[in-house]
Amino acid sequence: MATRKTQGSREGDFSRTIEGELVFDAGPCTGVADDGEWDCECSIAFRGVATGELTTTAVVADLPMRLKEYQEAVCDGLALKGVCSDCALECARAAWKLAMRWPTGTVIERHQTRFAPRQRQQS
Ligand SMILES: [Zn+2]
């Protein structure tokens, strides 16, 4: 889900999602898909399920939620309005599996198609 934790520790950080909003990996936008160049915000961001806005930081959360409920949220959100439900379900499944790779509380960032945990900050 979206977090503002560690925001600003990487150059170009931004977060226009709602804190705690579910996010997913939206992949490249159509601009990137067209010319193959990751020169826009989608190369470092996750997309918020409900708002469709972007954030560069997401945290792995242990939510009282099953994959099916998460998929329903993704289908119902603004982010994938106009996307067929099969694609939305597949997106949700992929994001769910991605989050399973790290322990709860891990802040994840993306660089194009790679995802990595962000170094935990001492505060
Ligand atoms: Zn883009």
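Residues numbered from 1 in each chain as written. Predicted model: local features only at pLDDT ≥ 70, side-chain atom pairs only at ≥ 80, totals over all residues.

The name an unreviewed UniProt entry assigns to the protein chain is DUF7715 domain-containing protein, from the organism Cryobacterium tepidiphilum.

**A closer look at the nonpolar core**
Counting residues in hydrophobic clusters, the biggest one holds 23 residues, and the most contacted among them are Val23, Phe24, Ala58, Val74 and Cys91. Of all elements in the fold, only strand S1 (23-24), strand S4 (58-59), helix H3 (85-99) and strand S5 (107-111) reach the threshold of two or more residues within this core. Tallying contributions element by element places H3 first for this core, with 5 residues. Apart from the residues lying within four places of it in its own chain, the contact partners of Cys91 are Phe24, Val74 and Leu80. (Core = buried A, V, L, I, M, F, W, Y, C linked by C-beta atoms within 7 Å. Buried ≥ 20, exposed ≤ 12 C-beta atoms within 10 Å, placed from the backbone. Helix = DSSP H or I, 4+ residues; strand = E, 2+ residues; numbered from the N terminus. Contact = placed C-beta atoms within 7 Å.)

**A word on H3**
For H3, which comprises 15 residues, the first-to-last C-alpha distance of 21 Å matches the rise-based estimate of 21 Å (1.5 Å per residue) to within 8%. Elements that come into contact with the buried residues of H3 comprise S1 and helix H2 (67-76). (Expected span 1.5 Å × (residues − 1).)

**Digging into the sheet that holds strand S3 (residues 54-55)**
Spatially, the 3 strands line up as an open sheet ordered S1-S2-S3, and their pairing is antiparallel. Here the strands that pair on one side only, and so sit at the sheet edges, are S1 and S3. With 2 bridges joining them, S1 and strand S2 (residues 46-48) adopt antiparallel strand pairing. For Phe24, the partnering residue across the bridge sits in S2 and is Arg47. (Pairing = 2+ DSSP bridges.)

**Observations concerning unusual backbone geometry**
With the exception of glycine, the majority of residues adopt a negative phi angle, and the majority of peptide bonds are in the trans configuration. Phi at Thr6 takes a positive value of approximately 65 degrees, unusual for a residue other than glycine. Inspection of the secondary structure puts Thr6 in the segment before S1.

**So, the environment of Lys97**
Mapped onto the elements, Lys97 comes out in helix H3. Sequence separation between Lys97 and Leu67 is 30 residues, and the spatial gap between their C-alpha atoms is 9.4 Å.

**Here we look at the sheet that holds S5**
Read from one edge to the other, the open sheet built from 3 strands follows the order S4-S5-S6, with strand pairing classed as antiparallel. In the strand order of this sheet, the two ends are held by S4 and strand S6 (114-117), each with one partner.

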